[in-house]
Amino acid sequence: MNHIVLFEPEIPQNTGNIMRTAIATNSTLHMIKPFGFSLDDKEIKRSSVNYTHDFTFYIYNSFNEFMNKNPNGIYVFLTRYGLKKHTDLDYSDTSKDYYFILGKESTGIPLEILKEHIDTAVRIPMTADVRALNVSNSCAIIIYEALRQQSFPNLSIYEPESLKGKNHILEANEKS
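All values derive from a computational prediction rather than experimental measurement.

Student: Go over the overall build of the protein, please, and point to the residues and values.
Tutor: Of regular secondary structure, the protein possesses six helices and seven strands. Traced from its N-terminal end to its C-terminal end, the protein shows the element sequence β-α-β-α-β-α-β-β-β-α-β-α-α. Long-range pairs, those at least 24 residues apart, make up 80% of the contacts in the protein between residues at least 6 apart in sequence. Surface exposure of the protein reaches about 10,300 Å², of which carbon and sulfur atoms provide 50%.

Student: Give a description of the environment of K96 that names residues and reports values.
Tutor: For K96, the location among the structural elements is in the loop between β5 (84-85) and β6 (98-102). Distance from K96 to G73, taken between C-alpha atoms, is 6.5 Å for residues 23 residues apart in sequence. Residues within four places of K96 in sequence aside, it is in contact with M1 and I74.

Student: Before we move on, can you summarise the packing of helix α1 (residues 12-24) against helix α5 (residues 135-149) with the specific residues and values?
Tutor: Geometrically, a packed helix pair is captured by the angle between its two axes and the distance between the axes. Remark: α1 packs on α5, axes separated minimally by 9 Å, with the N-to-C direction vectors making an angle of 15°. Classified by the angle between their axes, α1 and α5 sit roughly parallel to one another. As for how α1 packs across α5, the hand of that crossing is right-handed. For the pair α1 and α5, the contacting residues are N14, N17, I18, T21 and A24 in the first and V135, S136, C139, A140, I143 and Y144 in the second. Of the residues assigned to the contact of α1 with α5, the class counts are seven nonpolar, four polar and no charged.

Student: Mind laying out the nonpolar core, listing which residues take part and the relevant values?
Tutor: If you look at the biggest cluster of nonpolar residues, it comprises 26 residues, and the most contacted ones within it are I4, L29, L78, Y91 and F100. Elements with a minimum of two residues in this core: β1 (2-7), α1, β2 (28-32), β4 (74-78), β6 and α5. The dominant element in this core, judged by the number of residues it contributes, is α5, at six residues. Counting residues in hydrophobic clusters, the runner-up holds 14 residues, among them V5, F66, I101 and I109.

Student: Describe the sheet that holds strand β7 (residues 121-123), naming the residues involved and giving the relevant values.
Tutor: An order of β3-β2-β1-β6-β4-β7-β5 is seen for the seven strands of this open sheet, with the pairing classed as parallel. The outermost strands of the open sheet, each flanked by one partner alone, are β3 (57-60) and β5. With five bridges connecting them, β4 and β6 associate as parallel partners. Following the sheet pairing, F77 is matched in β6 by I101. Here α1 sits on the sheet and contacts β1, β2 and β3; the angle it forms with β2, its principal contact strand, is near 150°.

Student: Can you lay out the pattern of salt bridges for me, pointing to particular residues and giving the numbers?
Tutor: Taken as a whole and judged by the stated rule, the model has four salt bridges. In this structure, E8 engages K104 in a salt bridge whose closest nitrogen and oxygen atoms are separated by 2.9 Å. Residue E8 is located in the loop between β1 and α1, and its partner K104 is located in the loop between β6 and α4 (111-116); the two are separated by 96 residues in the primary sequence. Judged by its relative accessible area of 21%, K104 is partly exposed. Where E65 meets K69, a salt bridge forms, and the shortest distance between an N and an O atom there is 3.1 Å.

Student: Give a detailed account of the side chain of Q150, specifying residues and quantitative values.
Tutor: Here Q150 lies in the loop between α5 and α6 (168-175). Residue Q150 is classed as buried on the basis of its relative accessible area, which comes to 10%. With residues near it in sequence (within four places) discarded, Q150 still touches N2, Y91, S92, T94 and Y98.

The rules behind these values
Residues numbered from 1 in each chain as written. Predicted model: local features only at pLDDT ≥ 70, side-chain atom pairs only at ≥ 80, totals over all residues. Heavy atoms only, no water. Helix = DSSP H or I, 4+ residues; strand = E, 2+ residues; numbered from the N terminus. Contact = heavy atoms within 4.5 Å. Areas by Shrake-Rupley, 256 points an atom, 1.4 Å probe, with all protein chains shown as cover. Axes fitted to C-alpha atoms, helices over the stretch in contact; angles between N-to-C directions. Parallel < 35°, antiparallel > 145°, perpendicular 65-115°, else oblique. Left-handed = near helix turned anticlockwise from the far one by under 90°. Nonpolar A, V, L, I, M, F, W, Y, C, P; charged D, E, K, R; others polar. Core = buried A, V, L, I, M, F, W, Y, C linked by side-chain atoms within 4.5 Å. Buried < 20%, exposed > 50% of the residue type's maximum accessible area, 1.4 Å probe, protein only. Pairing = 2+ DSSP bridges. Salt bridge = Lys/Arg side-chain N within 4 Å of Asp/Glu carboxyl O.

Put into structure tokens, the structure is as follows:
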């Protein structure tokens, strides 16, 4: 199973976008306090487009609490200081729990945590002109890389028939 872990998120719109990504990818969301916003914020609801009504996520008071409650798994830390590309690790074993840990927007993941996990600290390649990508973009990149390696388990490849359906484009062209 894939897990998205937000370490002390500060911006409600990013958290809302990540909630939507978690829902769309069947990923479990974990959030470590403190937050830079209230979970009641309308920005979270707006950016997650109210998908959160059927969504379960977990909240922890500290990184230690998160680790104690989730002792088994592979922990992947997204950081600009990572010594490996995000594509260098193998996420293909769907029987394992992968925890993709993203830091807070202003300062990332503390260096003392990264030092303990340097072997699984990864960086998304980018130019030297940018310090880091937006956290919600980074989340989408890493979770979809894991899902690609796992052959997108339990995800719809086509537009569901409950929405407009797989043949929507073809049917729209025939009507014009």
